[in-house]
Amino acid sequence: MSQNEEKSLAKNGEIELVGVTKRFDEVVAINDMTLKIPAGTYCCLIGPSGCGKTTILRMIAGHDSPTEGDVRIDGRSVVGLPPVKRGTAMMFQSYALFPHLSCVDNVAFSLKMRGMPKVERRKKAREMLNRVHMEQFADRMPAELSGGQQQRIALARSLVTDPHVLLLDEPLSALDEFLRVQMRGNLRQMQKELGITFLHVTHTQMEAIAVADLVVVMDHGNIDQAAPAREVYFRPRSTYVARFMGGQNVFSGQVVAVNGKVAEIEENAGGRFTVPVQETAVKEGESFSFAVRRDHVEVEKAADDTVLKTEETNAVLGTVGMTEYQGTWVKVTVEREGAESFVAYIPDERFFAKPVAEGDRVIARWSMEAMHPLVHEGDEDMSRLFGEDFNPGTV
Ligand code: ATP
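Residues numbered from 1 in each chain as written. Predicted model: local features only at pLDDT ≥ 70, side-chain atom pairs only at ≥ 80, totals over all residues. Heavy atoms only, no water.

## With respect to unusual backbone geometry
(1) Moving on: Located in the positive-phi region is Asp 74, a residue other than glycine, with phi close to 50°.
(2) Moving on: Here Asp 74 shows up in the loop between β4 (68-73) and β5 (76-77).
(3) Moving on: With a relative accessible area of 31%, Asp 74 lands in the partly exposed category.
(4) Moving on: One non-glycine residue, Glu 170, lies in positive phi territory at about 45°.
(5) Moving on: The buried category is assigned to Glu 170, whose relative accessible area is 10%. (Helix = DSSP H or I, 4+ residues; strand = E, 2+ residues; numbered from the N terminus. Buried < 20%, exposed > 50% of the residue type's maximum accessible area, 1.4 Å probe, protein only.)

## Quick notes on the nonpolar core
(1) Moving on: With 50 residues, the main nonpolar core has Phe 198 and Val 217 as its most contacted residues.
(2) Moving on: Looking at which domains feed residues into this core, each of domain 1 (3-232) and domain 2 (235-386) gives three or more.
(3) Moving on: Residues contacting Phe 198, with those up to four places away along its chain left out, are Thr 41, Tyr 42, Cys 43, Leu 166, Leu 168, Leu 187, Met 190 and Gln 191.
(4) Moving on: Counting residues in hydrophobic clusters, the runner-up holds 28 residues, among them Ile 265, Phe 273, Val 275 and Ala 344. (Core = buried A, V, L, I, M, F, W, Y, C linked by side-chain atoms within 4.5 Å. Domains from an automatic or database assignment. Contact = heavy atoms within 4.5 Å.)

## Some details on the site of the ligand
(1) Moving on: All residues adjacent to the ligand are Phe 24, Val 27, Ala 29, Pro 48, Ser 49, Gly 50, Cys 51, Gly 52, Lys 53, Thr 54, Thr 55 and His 203.
(2) Moving on: The side chain of Ser 49 places a nitrogen or oxygen atom 2.5 Å from an oxygen atom of the ligand.
(3) Moving on: Between the ligand and the protein, one listed contact pairs an oxygen atom with a side-chain N or O atom of Thr 55 at 2.5 Å.
(4) Moving on: Listing elements by their share of the shell around the ligand, those giving two or more residues are β2 (27-37) and α2 (53-61). (Near = heavy atom within 4 Å. Polar contact = N/O pair within 3.5 Å; in protein donor to acceptor, adjacent residues only side chain to side chain.)

## Some points on the domain arrangement of the chain
(1) Moving on: Considered domain by domain, the chain is made up of domain 1 (3-232) and domain 2 (235-386).
(2) Moving on: Between domain 1 and domain 2, the C-alpha centre-to-centre distance is 38 Å.
(3) Moving on: Tallying the contact residues gives 14 residues for domain 1 and 13 residues for domain 2.
(4) Moving on: The contact between domain 1 and domain 2 buries some 1,200 Å² in all, and 57% of this surface belongs to carbon and sulfur atoms.
(5) Moving on: Connecting domain 1 to domain 2 are one salt bridge.
(6) Moving on: Linking Arg 237 and Asp 224 is a salt bridge whose minimum nitrogen-to-oxygen distance equals 3.5 Å.
(7) Moving on: Residue assignment for the side of domain 1 that touches domain 2 shows that the elements contributing at least two residues are α7 (205-211), β9 (214-219), β10 (222-227) and α8 (229-234).
(8) Moving on: Here the side of domain 1 that touches domain 2 is composed, by residue class, of six nonpolar, four polar and four charged. (Buried area = accessible area lost by both parts, 1.4 Å probe. Salt bridge = Lys/Arg side-chain N within 4 Å of Asp/Glu carboxyl O. Nonpolar A, V, L, I, M, F, W, Y, C, P; charged D, E, K, R; others polar.)

## Things to note about the packing of helix α3 (residues 103-113) against helix α5 (residues 147-159)
(1) Moving on: Running from N to C, α3 and α5 cross one another at 30°; their axes reach a closest spacing of 7 Å. Between α3 and α5, the angle falls in the class roughly parallel. α3 and α5 meet at a crossing whose hand is right-handed. Where α3 abuts α5, its residues Cys 103, Asn 106, Val 107 and Ser 110 lie against Ile 153, Ala 156 and Arg 157.
(2) Moving on: Class assignment for the residues of the contact of α3 with α5 results in four nonpolar, two polar and one charged. (Axes fitted to C-alpha atoms, helices over the stretch in contact; angles between N-to-C directions. Parallel < 35°, antiparallel > 145°, perpendicular 65-115°, else oblique. Left-handed = near helix turned anticlockwise from the far one by under 90°.)

## Side note on the sheet that holds strand β15 (residues 298-301)
(1) Moving on: Taken in spatial order, the five strands make up an open sheet running β15-β19-β16-β17-β18, and their pairing is antiparallel. Looking along the sheet, the strands with just one partner apiece sit at the ends: β15 and β18 (339-347). Strand-to-strand twist of the sheet, defined as the mean angle between neighbouring strand axes without regard to direction, takes the value 45°.
(2) Moving on: Sheet topology places strand β16 (residues 315-325) next to strand β19 (residues 361-365); five bridges connect them, and they run antiparallel. Its bridge partner lying in β19, Thr 319 is registered against Arg 361. (Pairing = 2+ DSSP bridges.)

## Observations concerning the packing of aromatic side chains
(1) Moving on: What the rule picks out here adds up to 15 aromatic pairs.
(2) Moving on: Residues Phe 98 and Phe 109 carry aromatic rings whose centres are separated by 4.6 Å and whose planes lie at 55° to one another, so their mutual orientation is tilted. With Phe 98 in the loop between β6 (88-91) and α3 and Phe 109 in helix α3, this residue pair connects regions lying 11 residues apart in the sequence.
(3) Moving on: For Phe 98, a relative accessible area of 27% puts it in the partly exposed group.
(4) Moving on: Measuring from centroid to centroid gives 6.3 Å for Phe 342 and Trp 366, while their planes differ by 75°, and the two rings are edge-to-face. Here Trp 366 lies in the loop between β19 and β20 (371-374) and Phe 342 lies in strand β18, a separation of 24 residues in the sequence.
(5) Moving on: A connected cluster of aromatic rings, assembled from ring pairs, spans Phe 251, Phe 273, Phe 288, Phe 290, Phe 342 and Trp 366.
(6) Moving on: When the ring centre of Phe 98 is taken as reference, the NZ or CZ atom of Arg 157 above it lies at 5.4 Å.
(7) Moving on: In this structure, Arg 293 packs its charged tip against the face of Phe 234, placed 3.5 Å from the ring centre. (Phe/Tyr/Trp six-rings, centres within 6.5 Å; stacked < 30°, edge-to-face > 60°. Lys NZ or Arg CZ within 6 Å of the ring centre and 35° of its normal.)

Next comes the structure, spelled out in structure tokens:
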């Protein structure tokens, strides 16, 4: 691809959903959604099964139309346009390669459909194979390739029509863990090189934050938060996002006092907390939820008769329910009577210098900087996401 071509592609691929609602009879799959994805963004749509991710991809691709609202690509409404006129391409999780066609013919297929002469389309397909580092496999059949190689052929096939937007529906879910991590890096690299918009649907939180510039967390046909990966993970907006994305513990209680930018919170289980509240107007007597970063929680063994000092805040007593070695850190789940269990990620060396074990009585502490307020939205029933036995320690 020439520099000029790369430059012109870099300006393309802006997606806008404007007040989009999609109904299937009684089911509201998408509910008045407005979202702008800037050109050249790697965007991940994440949310539980049935929240409407695929419906969004299908409306952008042209396989479905909104019941209300507008879908725009590069400023132009595409509602009613057939898929081939939208400048989009789609890559599915099954890859859907034609088993009877060689790799180069698989890649060239859509150019054939568009009437491009054989020599020209094969040349273009080989260029595309070159871009995904698969030129040496051009004459192989799909069955003679590994899963990762098939994925790259599928990617080349999607990109051969020079789309401005690539829509990827769970592109990595058919791969084993090792390949998945490798391939997500390849996707990110390809997106950067091409400078087009990738819109990638996934169920996997770590996949979304690893690749995306913009993470869109969905729930029930609504967007709960759309922000850069680090913000969604470390500054979740709501109790729902905090729980769904992981990496955080959620505590709830009542506001008992507000001192400037600090709210004092008491929970039914006895914990007392001082939470920074710059961004939220809070009043005494209100219920209040906040998140605590799991990697900022310190856990220390405590004697059975330990009680918290009355002046001590941001500390709770509990019992270790489980420890799980995760390499760089150890995941310690702490159970509490009358409250949700919570999790601490303790760096490996620190944990083994002073280990705790299942059944140990512990005191957990964290600093004010590890906490931030949450709005109650979309999490009226987390058990529907994680089953009746929902326990944040298992996420
Ligand atoms: P998953 O992660 O399981 O693929 P999703 O987030 O992609 O789920 P969608 O496939 O977009 O969810 O579905 C959103 C809602 O719309 C669901 O309640 C689904 O049952 C409903 N739905 C989707 N397609 C249709 C259809 N053609 N007819 C009726 N209902 C539909």
